[in-house]
2 protein chains.
Amino acid sequence: MDIMAQSFPRKLALAEPLATIEEPDFELIELLFFAYRDFVGEPDRLLEKHGFGRAHHRVLHFVNRHEGLTVAELLEILEITKQSLARVLKDLVSGEFIEQRAGTEDRRQRRLHLTPRGKALAEALLGMQGRRIARAIEKADPASRAVIARFLSELIDPERPKPAVSETP
Amino acid sequence: MDIMAQSFPRKLALAEPLATIEEPDFELIELLFFAYRDFVGEPDRLLEKHGFGRAHHRVLHFVNRHEGLTVAELLEILEITKQSLARVLKDLVSGEFIEQRAGTEDRRQRRLHLTPRGKALAEALLGMQGRRIARAIEKADPASRAVIARFLSELIDPERPKPAVSETP
DNA sequence: AAATTATGTCAATGTTGTTGACATATTTCA
DNA sequence: TGAAATATGTCAACAACATTGACATAATTT
């Protein structure tokens, strides 16, 4: 029996004609699990060569995407505690992947920037995930991307405010 | 600046007309991250009440889906080590969520079954994820589901053989 | 001057993963 | 039948990544 090759009825008609109970979509639930695992698995193997883990990846990614963001902003995005970030950030700073510069307006802030080394690693990781996505999407028609993006957006808790990220001053 | 509300050029034309470099699809990459986090976050909060974590969830899920599967099969699906599973399985067995029955053909095997308690928890977790998926998909047209399933399937490493799961004898 | 804010750091703890070694029961094979 | 292979369990040690709570420092705001 092939674990993935099953199809399931997703609606179950009941005695009460008004109620329609949705049967959980096992296939999509499991696909999300397996897809996400492989999606992060490939980067994991590159990170390992630097002695880094997934937490380092996330920091590199969001510093790359939002150069100069503050520590507080990064904590908000990642939804982790200061201490969890501290360990990872220390590795990245001491390994010269990230540098901290005091904010110009508010000098208490430590704004985070990638060094060339950090940029290179961040881009390598990004490339892996980007190529995987591109491969997965290129066979489908162009409208698919919007459908997928919409679906993934809807999976996100609506009450979760999208964290604001400051402009680099 | 809203972290999610950006759009990116996903193709970058180069000087060489033959080469088209795909710019990584930042938006989908980040959507996968945030979507997966919330997708597992809601179950996490229920599991916490039992003192369980995500590892317990995965075991409950796959035992629910494949009643009577063996320990070896579960290890293959989860791609974790025996010891990682052992701790989690011990919690679930001692808490009477899962019971182990010696295989009828091969009595070395410990085939895993949910107790009523285990079934109830597994179904509760499944319901959460099922409803989240249903909510995310119901606004889109029916063809979307196939597009999404296809996309997620393509994200999975092709060389990964789908683990075979034995029939309950 | 006092309160608040941004960040850093310390200590303790928990969950989930790893490896390697070894034990036991059972089945299969020569 | 006896040896080898298999399925599982268990032990010890370790690592990554998360948590909480408390406290320290520097800078900004009130």
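Given the structure is predicted, the values throughout are model-derived calculations rather than measurements. (Residues numbered from 1 in each chain as written. Chains lettered and ligands numbered in written order. Predicted model: local features only at pLDDT ≥ 70, side-chain atom pairs only at ≥ 80, totals over all residues. Heavy atoms only, no water.)

Draft legend 1. Structural detail: the packing of aromatic side chains. Per the counting criterion, the structure on display carries eleven aromatic pairs over all chains. Pairing A:Phe33 with A:Phe34 gives two aromatic rings, centres 5.0 Å apart and planes at 55 degrees, and the pair type is tilted. Judged by relative accessible area, which is 12%, A:Phe33 ranks as buried. If you follow A:Arg65 out to its NZ or CZ, it ends over the ring of B:Phe26, 4.5 Å from the centre. (Phe/Tyr/Trp six-rings, centres within 6.5 Å; stacked < 30°, edge-to-face > 60°. Buried < 20%, exposed > 50% of the residue type's maximum accessible area, 1.4 Å probe, protein only. Lys NZ or Arg CZ within 6 Å of the ring centre and 35° of its normal.)

Draft legend 2. Examining the protein's contact with DNA strand C more closely. Close to DNA strand C lie 24 residues; A:Lys82, A:Arg108, B:Gly53, B:Arg58 and B:Ser84 are nearest. Across the atoms of DNA strand C situated within 4 Å of the protein, the share located in sugar and phosphate is 55%. At a separation of 2.8 Å, a phosphate oxygen of DNA strand C approaches a polar backbone atom of A:Ala72. At 3.4 Å from a phosphate oxygen of DNA strand C is found a main-chain nitrogen or oxygen belonging to B:Ala55. The set of elements that each furnish at least two residues to the surface near DNA strand C consists of helix 3 (71–78) and helix 4 (82–94) of chain A together with helix 2 (54–65) and helix 4 (82–94) of chain B. Residues belonging to the surface near DNA strand C are distributed by class as follows: four nonpolar, nine polar and eleven charged. (Near = heavy atom within 4 Å. Polar contact = N/O pair within 3.5 Å; in protein donor to acceptor, adjacent residues only side chain to side chain. Helix = DSSP H or I, 4+ residues; strand = E, 2+ residues; numbered from the N terminus. Nonpolar A, V, L, I, M, F, W, Y, C, P; charged D, E, K, R; others polar.)

Draft legend 3. Fine view of the pattern of salt bridges. Applying the stated criterion across every chain yields a total of 24 salt bridges over all chains. Measuring nitrogen to oxygen at the nearest pair gives 2.7 Å for the salt bridge that ties A:Asp157 to B:Arg132. Residue A:Asp157 is located in the segment after helix 6 (143–155), and its partner B:Arg132 is located in helix 5 (residues 116–138); the two belong to separate chains. Judged by its relative accessible area of 7%, A:Asp157 falls in the buried class. A salt bridge links B:Glu123 to B:Lys119; the shortest N-O distance between them is 3.3 Å. Of the two residues, B:Glu123 and B:Lys119 are both situated in helix 5; the distance of four residues between them amounts to about one turn of the helix. Looking at B:Lys119, the relative accessible area reads 35%, which means it is partly exposed. Connected through shared salt-bridge partners, A:Asp25, A:Glu27 and B:Arg145 make up one network. (Salt bridge = Lys/Arg side-chain N within 4 Å of Asp/Glu carboxyl O.)

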